[in-house]
Amino acid sequence: ASRSVTSDDFLRLDDGELLRQCRVDFRRDSGPGGQKRNKIESAVRLTHEPTALVANAAEDRSQHTNKAVALKRLRKLIAHRVRTSEAWLGEDARLPDELRAVLPWHAVPARIGRKSDRRPLAEQLLLDVLDFHRGSLADSAPYLGGSTR
């Protein structure tokens, strides 16, 4: 059963749900693999239909591996280029757990590291705060519980 998804939800989807929103193209591409490259369509291009963002991967001879790499790249593209609703950015709003987990001045049980699957969502939320404050670090810092001093 499919559900209606807003831009706020893209990074909260599991891999299967996000892939269902994509056009998946397989192609031959230059790169590692020698003569086998010309016989196998292992390169993958994902086009996320709702946002028109495109992620490619062709580093591996495995189509499956390249699809997983392209999906990670797509999540990062969505995080960096798609702004979410500002509804959660009210004055009395509590910071989402994913955002608190990347800010070093917040005490949280588990940090989100650079390689975490939750990292793109945390980056998106942080960029949403900066966008909401028109790129002003001075205005964003107190909202995030930090300081520019």
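On a predicted model such as this, the values are computed, not experimentally measured, just so you know.

## Examining the sheet that holds strand β2 (residues 43-48)
Consideration 1: Pairing within the open sheet is antiparallel, and its three strands lie in the order β1-β2-β3. Looking at strand neighbours, the two that pair on one side only are β1 (22-27) and β3 (53-57), the edges of this open sheet. For this sheet, the mean inter-axis angle between neighbouring strands, taken without regard to orientation, is 15°.
Consideration 2: Across five bridges, the pairing between β2 and β3 is antiparallel. Across the sheet, residue Thr47 finds its bridge partner in β3, namely Val54.

## Quick look at the pattern of salt bridges
Consideration 1: A complete count under the given rule lists nine salt bridges for this structure.
Consideration 2: Among the ionic pairs, Glu49 bridges to Arg23, the shortest N-O distance being 3.8 Å. Linking Glu49 in the loop between β2 and β3 with Arg23 in strand β1, this pair joins segments that are 26 residues apart in sequence.
Consideration 3: In this structure Glu49 comes out as partly exposed when scored by relative accessible area, which is 46%.
Consideration 4: A relative accessible area of 41% places Arg23 in the partly exposed class.
Consideration 5: Of the charged contacts, one joins Asp128 and Arg83 as a salt bridge, the two residues approaching to 2.7 Å between their closest N and O atoms. Remark: Arg83 occurs in the loop between α2 (63-81) and α3 (97-100) and Asp128 occurs in helix α4 (residues 119-132); sequence separation between them is 45 residues.

How each quantity is defined
- Residues numbered from 1 in each chain as written.
- Predicted model: local features only at pLDDT ≥ 70, side-chain atom pairs only at ≥ 80, totals over all residues.
- Heavy atoms only, no water.
- Pairing = 2+ DSSP bridges.
- Helix = DSSP H or I, 4+ residues; strand = E, 2+ residues; numbered from the N terminus.
- Axes fitted to C-alpha atoms, helices over the stretch in contact; angles between N-to-C directions.
- Salt bridge = Lys/Arg side-chain N within 4 Å of Asp/Glu carboxyl O.
- Buried < 20%, exposed > 50% of the residue type's maximum accessible area, 1.4 Å probe, protein only.

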